[in-house]
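What follows is the residue order along each chain.
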Amino acid sequence: MTQAQLAQGQDPLLAVRDVSVVFGGIVALNGVSFNMHKGQVLGLIGPNGAGKTTLFNCLSRLYQPSSGDILMEGQSILKRPPHRIAEIGIGRTFQNVALFANLSVMDNVRIGAHSKTSSDIISDSLRLAWVRRSEVAVNKKVHELLAYLDLEDVAHTTVAGLPFGTQKRVELARALATDPKILLLDEPAGGLNHEEVHVLGDLIRRIRNERHVTVLLVEHHMGLVMSIADHVVALNFGRKLAEGTPAQVQADPDVIKAYLGSKDQ
Ligand SMILES: Nc1ncnc2c1ncn2[C@@H]1O[C@H](COP(=O)(O)OP(=O)(O)O)[C@@H](O)[C@H]1O
Ligand SMILES: [Mg+2]
């Protein structure tokens, strides 16, 4: 048991159980298991091709594991289509920003808020009153998030014209608009400069501390993971190589070997 588990002494928020993914002949994930606890920032690291994005795509339901299970608050999520994961509190961003480039920042965030509320409609007779009430709530939430992520000045700007770092903040705002319990981030530092990575690290920490969102951070950038993760899972060739605190994982001989052996480090 890790210290975080002992300290919290509770059931995991998310459990990955013996998950394998096979593409044709390639075993992209091979029997991977770990738990995520409420309030954690969990860093998932590994060299290119280790299986990080494959696991991320299983969690966001784009890929179906060949075997194993993924449980959110004790319930399997494997029968759930990707557009219905926001309802159970899983929010995500994309490795390459996937915003509506021709819409404003505000409209992109509004879409996030609607993707959560639109499935809550109870009946047609209640619908009009509900829509009016929910519009007010959505507007409030959108404005609060734009302020939180320092996007008020660009609220009416089209996303396509914004710097990449700002687009990433818009994506975060859109994901937070679904009120996630868990936020899945796939390589959020990719394409950012040193200063932007630092700002992003602070922001992820604030999201966890102030909004009580549990974060799964899939990241190749070791520095970012080591500075903000409470718990780290290292993958290599689809298998779990090591797990523990950032210091433990960083000092693990297998992890050092895997990173030294990969061409991109
Ligand atoms: N859709 C796919 N079809 C076939 N092979 C894939 C697919 N996605 C990933 N893979 C393979 O699975 C392995 C893990 O890839 P990936 O999860 O993208 O690694 P990472 O994100 O850690 O760089 C790689 O060998 C990759 O080529
Ligand atoms: Mg990847």
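1. A few points about the site of ligand 1
No. 1: Looking at ligand 1, the residues that line it are F23, A28, P47, N48, G49, A50, G51, K52, T53, T54 and Y63.
No. 2: Within the contact set of ligand 1, an oxygen atom lies 2.7 Å away from a backbone nitrogen or oxygen of G49.
No. 3: A distance of 3.2 Å separates a nitrogen atom of ligand 1 from a polar atom in the side chain of Y63.
No. 4: Contact with the protein chains covers 64% of the free accessible surface of ligand 1, which is 560 Å².
No. 5: The biggest single contributor to the shell around ligand 1 is helix α2 (residues 52-59), with three residues.

2. Here we look at the environment of I70
No. 1: With respect to the secondary-structure elements, I70 resides in strand β4 (residues 67-72).
No. 2: In sequence terms I70 and V16 are 54 residues apart; their C-alpha atoms lie 4.7 Å from each other.
No. 3: Residues contacting I70, with those up to four places away along its chain left out, are L14, A15, V19, C58, L59, P65, Q75, S76, I77 and L78.

3. Details of the sheet that holds strand β7 (residues 182-186)
No. 1: Reading across from one edge, β6-β7-β8-β3-β9-β10 is the order of the six strands in this open sheet, with mixed pairing throughout. Each edge of the sheet is formed by a strand with only one pairing partner; in this case those strands are β6 (90-92) and β10 (239-244). Averaged over all pairs of adjacent strands, the angle between their axes in this sheet comes to 20°, without regard to strand direction.
No. 2: Relative to β7, β6 is paired through three bridges, and the arrangement is parallel. In the strand pairing of β7, R92 is matched with L184.
No. 3: On top of the sheet, helix α9 (residues 253-261) reaches β3 (41-45), β9 (231-236) and β10; it is set at about 125° to β10, its chief contact.

4. Side note on the sheet that holds strand β5 (residues 75-76)
No. 1: Here we have four strands laid out as an open sheet, ordered β2-β1-β4-β5, and antiparallel in their pairing. Strands at the two margins of the open sheet, each flanked by one partner only, are β2 (26-36) and β5.
No. 2: Contacts between α2 and the sheet are confined to β1 (14-23), β2 and β4, with β1 contributing the most and set at about 120° to the helix.

What counts and what doesn't
Residues numbered from 1 in each chain as written. Chains lettered and ligands numbered in written order. Predicted model: local features only at pLDDT ≥ 70, side-chain atom pairs only at ≥ 80, totals over all residues. Heavy atoms only, no water. Near = heavy atom within 4 Å. Polar contact = N/O pair within 3.5 Å; in protein donor to acceptor, adjacent residues only side chain to side chain. Areas by Shrake-Rupley, 256 points an atom, 1.4 Å probe, with all protein chains shown as cover. Helix = DSSP H or I, 4+ residues; strand = E, 2+ residues; numbered from the N terminus. Contact = heavy atoms within 4.5 Å. Pairing = 2+ DSSP bridges. Axes fitted to C-alpha atoms, helices over the stretch in contact; angles between N-to-C directions.

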